[in-house]
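Chain by chain, the residues:
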Amino acid sequence: MDQPAALWIGHVKVTDEEAYGKYAVKAGPAIAAHDGQFLARAGGYVQMEGNDRPRNVVALFPTRDRAVECYHSEAYQAGLEHARGASERDLLVVEINS
């Protein structure tokens, strides 16, 4: 059975713009290398419930496995080192219902 496409959904509060910028430079190519494409990045939003984190990101991947592989990849983890300590983040992978 084929896996449905999946989304990365991230909610971020950046606390160190310079360090987080280094993360962003490395994260984009790592996501693209795993067939991910950004649908939304830091655009306007309306906080309806929960914790307000002003940078919201949605990326589409062909499968949940590709999304998870991307997160655990050496390239993404190298970028993530810059985000740790420079942000408060929540990230999840969710399958798209067909």
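Residues numbered from 1 in each chain as written. Predicted model: local features only at pLDDT ≥ 70, side-chain atom pairs only at ≥ 80, totals over all residues. Heavy atoms only, no water.

## Comments concerning the packing of aromatic side chains
To keep it simple, the criterion reads: Pairs were defined over the aromatic rings of Phe, Tyr and Trp, the Trp ring being its six-membered one, requiring ring centres within 6.5 Å. Orientation was assigned from the angle between planes: stacked under 30 degrees, edge-to-face over 60, tilted for the rest. Going along the chain from the N terminus, every DSSP run of H or I of four or more residues is numbered as a helix, and every run of E of two or more is numbered as a strand. When a residue's accessible area, from a 1.4 Å probe over protein chains only, is under 20% of the maximum for its type it is buried; when over 50% it is exposed; and in between it is partly exposed. Sitting over a ring, as applied to charges here, requires NZ of Lys or CZ of Arg to be within 6 Å of the ring centre and within 35 degrees of the ring normal.
Scanning all chains against the criterion turns up 6 aromatic pairs. Residues Trp8 and Phe61 carry aromatic rings whose centres are separated by 5.3 Å and whose planes lie at 45° to one another, so their mutual orientation is tilted. Here the residue Trp8 occupies a position in strand E1 (residues 6-14), and Phe61 occupies one in strand E3 (residues 55-61), the gap between them amounting to 53 residues. Accessibility assignment for this pair places Trp8 and Phe61 in one class, buried. Taken together, a centroid distance of 6.5 Å and an interplanar angle of 70° make the contact between Trp8 and Tyr71 edge-to-face. Of this pair, Trp8 sits in strand E1 while Tyr71 sits in helix H2 (residues 64-72), and the two are 63 residues apart along the sequence. Among the residues examined, Tyr71 registers a relative accessible area of 26% and is labelled partly exposed. By the ring-pair criterion, three or more aromatic residues cluster together here, those being Trp8, Tyr20, Tyr23, Phe61, Tyr71 and Tyr76. For Arg89, the ring lying beneath its charged end belongs to Tyr23, and the centroid distance is 5.0 Å.

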